[in-house]
Amino acid sequence: MKNKDARLQRGLFYAGLILVWLGLAKAKLWPPYLFPAPADVLVTLRQGFSDHSFAIGILKSLRRIALGYGFSAIVGIALGLVTARVRWMENTVGSLVVGLQTLPSICWLPAAILWFGLSEGAILFVVVMGALMAISIGTHDAVKNLPPIYIRAARTMGVRGFRLYREVIFPAALPGIISAMKQGWSFAWRSLMAGELLFVSPGLGHLLQMGRDLNDISLVVAVMIVIMALGWSVDRLIFSALEQRLRRQRGMSL
Amino acid sequence: MTIELQIQDLSKTFVTRTGGVGALDTISLDVKEGEFLCLVGPSGCGKSTLLNIVGGLERADQGRIILDGKSIDGPGADRVVIFQDGGLFPWLTVVQNVEFGLKERKDLSKQDRRERAEYFLKLVHLDKFEDAYIHELSGGMRQRVAIARGLVLEPRILLMDEPFAALDTQTRDLLVEELRGIHEKLQNTILFVTHHVREAVHLGDRIVLFTYRPGRIKQIFTVDIPKPRDPDDPRIGKLIREIVDSLHGEVEKALEAELTLEK
């Protein structure tokens, strides 16, 4: 019932948005080579998918994000767990992570190109610098905010060391860790797109740049829509679904 | 009865829940094997702190805790603490919660663990709920799970820190009676912190009364009335009055301290 309502609301909202877009395009406030009509973008989308150029771009980008984000998630969670529990690590590595987080990850690209050349390595480096810090800080905060009772209960049952991390601290902090991963995902996705824009290699960002070079505004808008749709799908279908499942299991759903 | 646990000249200053500074002052106490010992006193006197020190969750400034002749250091499954709010793990089912501590015992197979967990869940009448998650249980049921989770480890001594304080009166009476039954059956040693005198008199073999700041042992009452005890027994009423009178002065001191602190 509720689900159906939400879908209806969403459908109407987007239909309205497209109508406004259509109206603006019809009004010819801007020349069509600057402001494309929905139909033009639709044609470009269809063409892009039928000649596989979008598919290749998507696959390239997804491969990079899988590698860069996967690495960031594993290292970021481990780092967050350690900095939250080991005081001297918090004072040293923890403070460095917070510092690095304030630097937009694309600022690493010049250094990355000097170090790795115009290679996959340089782009991956930028993605990792974008996501790793956010995941680490989010995990750290999730562990810091745990009710101490869980750890006390585990200790009184004689649980210590690695098992305390794996079976108590990690699952107890999991809702917060998933949120951190969700945030890390959006950072990784943005970093990747920024990196690909400035980089001569296939990928969604590169398609966007190509649209500019060809003066093809509907290609630019079409690729932007693809980027948004992909980012949205991962957020909804993976992270929000996981969050909801955890909330239900722990009786925290509204 | 042999002496199982010795608390020797134990002192500790600590920060209370309300932010004041409390102190335990040279506490010495012997707990006998199989004894149900209740610790009673005003809030802030340090009875919970004492329990946590015995459980190894906090350190004493001075003094020793000796269990079966050996000085103890740090927490261990031989002295399990049961907390007021359970401290159950919401990401595990009821039976997984009860099994949790048993995983430390490498000599037990998966099946042994499950069987033991189920035995103790049956003991607290929750065998039908073993696959439920914690949030699906009532407050009383949660404390039952917490008790089963402690008992399953077969600790030398069970340390209960106001385990029924957050429950409504009816549930509380029910659980007090169940705990008495469990103690009668298992004959285990229990150290039980409460500020509820009636509860202490119903359960305790001995009742240790603490003074307020510094926390010292004021008086020890031995309850010679056979269990189960009839609440209408005149000896029970007399004992409750005696303890409440003795406690009253201390509670007053605690209240006074709290009020002056607020000013």
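In this text, all values refer to a predicted model and were calculated from it rather than measured experimentally.

Chemist: Please set out the overall build of chain A residue by residue, giving values where relevant.
Modeler: Helix and strand counts for chain A come out as ten helices and zero strands. When the backbone C-alpha atoms are referred to their principal axes, chain A occupies close to 70 × 55 × 30 Å. Sequence-distant contacts, at least 24 apart, represent 73% of the contacts inside chain A between residues at least 6 apart.

Chemist: Mind laying out the sheet that holds strand β3 (residues 36-40) of chain B, listing which residues take part and the relevant values?
Modeler: In a beta sheet, neighbouring strands pair by backbone hydrogen bonds and run either parallel or antiparallel. Residues and elements named next belong to chain B. Within the open sheet, the six strands sit side by side as β6-β7-β8-β3-β9-β10. Their pairing is mixed. Strands at the two margins of the open sheet, each flanked by one partner only, are β6 (79-82) and β10 (217-222). Between one strand and the next, the sheet's axes are offset by a mean angle of 15°, whatever the strand orientation. One ladder, built from five bridges, connects strand β7 (residues 157-161) with strand β8 (residues 189-194); its direction is parallel. Paired with I157 across the bridge in β8 is T189. Against the sheet, helix α1 (residues 47-54) touches β3, β6, β7, β8 and β9 (206-210), its axis set at about 150° to β8.

Chemist: Which residues make up the environment of S105(A), and what are the values?
Modeler: Residue and element names in this part refer to chain A. Mapped onto the fold, S105 is located in the loop between α4 (87-101) and α5 (109-116). Overall, S105 belongs to the buried group, with 26 C-beta atoms counted inside 10 Å. Spatially, the C-alpha atoms of S105 and A131 are 8.6 Å apart, while their sequence positions differ by 26 residues. For S105, the residues in contact, after removing those within four places along its chain, are V126, M129, G130 and S191.

Chemist: Mind laying out the environment of G23(A), listing which residues take part and the relevant values?
Modeler: Inspection of the secondary structure puts G23(A) in helix α1 (residues 2-27). Each C-alpha atom, one on G23(A) and one on P38(A), is 10.0 Å from the other, the two residues being 15 residues apart in sequence.

Chemist: Tell me about the domain arrangement of chain B, and name the residues and values.
Modeler: Residue and element names in this part refer to chain B. The domain architecture assigned to chain B consists of domain 1 (3-78 + 155-262) and domain 2 (87-154). When each unit is reduced to the centre of its C-alpha atoms, the spacing between domain 1 and domain 2 is 25 Å. Residue-level contacts link twelve residues of domain 1 with eleven residues of domain 2. Of all the elements, helix α5 (residues 169-186) adds the most residues to the side of domain 1 that touches domain 2, at five residues.

Chemist: Describe the packing of α4(A) against helix α6 (residues 120-144) of chain A, and please don't skip the residues or the numbers.
Modeler: Residues and elements named next belong to chain A. At a minimum axis separation of 9 Å, α4 and α6 run at an interaxial angle of 130°. As far as their axial angle goes, α6 and α4 are oblique. For the element pair α4 and α6, the recorded crossing hand is left-handed. In this structure, α4 uses G94, V97, V98, L100 and Q101 to contact α6, whose residues at the interface are M133, A134, S136, I137 and H140. The class makeup of the residues in the contact of α4 with α6 is six nonpolar, four polar and no charged.

Chemist: Residues and numbers for the nonpolar core, please.
Modeler: The biggest cluster of nonpolar side chains holds 131 residues, and the ones touching the most others in it are V127(A), V40(B), A148(B), L159(B), L191(B) and F192(B). Here the element with the most residues in this core is α6(A); it accounts for 16 residues. Both domains that furnish three or more residues to this core are identified here as domain 1 (3-78 + 155-262) and domain 2 (87-154) of chain B. Sequence-distant contacts of A148(B), defined by excluding residues within four places in its chain, comprise V98(B), F120(B), L121(B), L123(B), V124(B) and L126(B).

Chemist: Quick rundown of the confidence of the model for chain B? Include the residues and the values.
Modeler: All names here are of chain B. Of all residues in chain B, 98% have pLDDT values of 70 or greater, and the mean over the chain is 88. When mean pLDDT is compared element by element in chain B, helix α2 (residues 94-99) scores highest at 95, while helix α7 (residues 234-262) scores lowest at 81. Across the interface, the model reports ipTM at 0.88; the global pTM reads 0.83.

Chemist: So what's going on with unusual backbone geometry? Residues and values would help.
Modeler: Residues and elements named next belong to chain B. Backbone torsion omega between K227 and P228 reads -5°, so that peptide bond is classified as cis. Within the secondary structure, P228 is located in the loop between β10 and α7. With phi around 45°, D9 is a residue other than glycine that occupies positive phi space. Examined against the element boundaries, D9 turns out to sit in strand β1 (residues 3-15).

Rules and cut-offs
Residues numbered from 1 in each chain as written. Chains lettered and ligands numbered in written order. Predicted model: local features only at pLDDT ≥ 70, side-chain atom pairs only at ≥ 80, totals over all residues. Helix = DSSP H or I, 4+ residues; strand = E, 2+ residues; numbered from the N terminus. Contact = placed C-beta atoms within 7 Å. Pairing = 2+ DSSP bridges. Axes fitted to C-alpha atoms, helices over the stretch in contact; angles between N-to-C directions. Buried ≥ 20, exposed ≤ 12 C-beta atoms within 10 Å, placed from the backbone. Domains from an automatic or database assignment. Parallel < 35°, antiparallel > 145°, perpendicular 65-115°, else oblique. Left-handed = near helix turned anticlockwise from the far one by under 90°. Nonpolar A, V, L, I, M, F, W, Y, C, P; charged D, E, K, R; others polar. Core = buried A, V, L, I, M, F, W, Y, C linked by C-beta atoms within 7 Å. pLDDT = per-residue confidence, 0-100.

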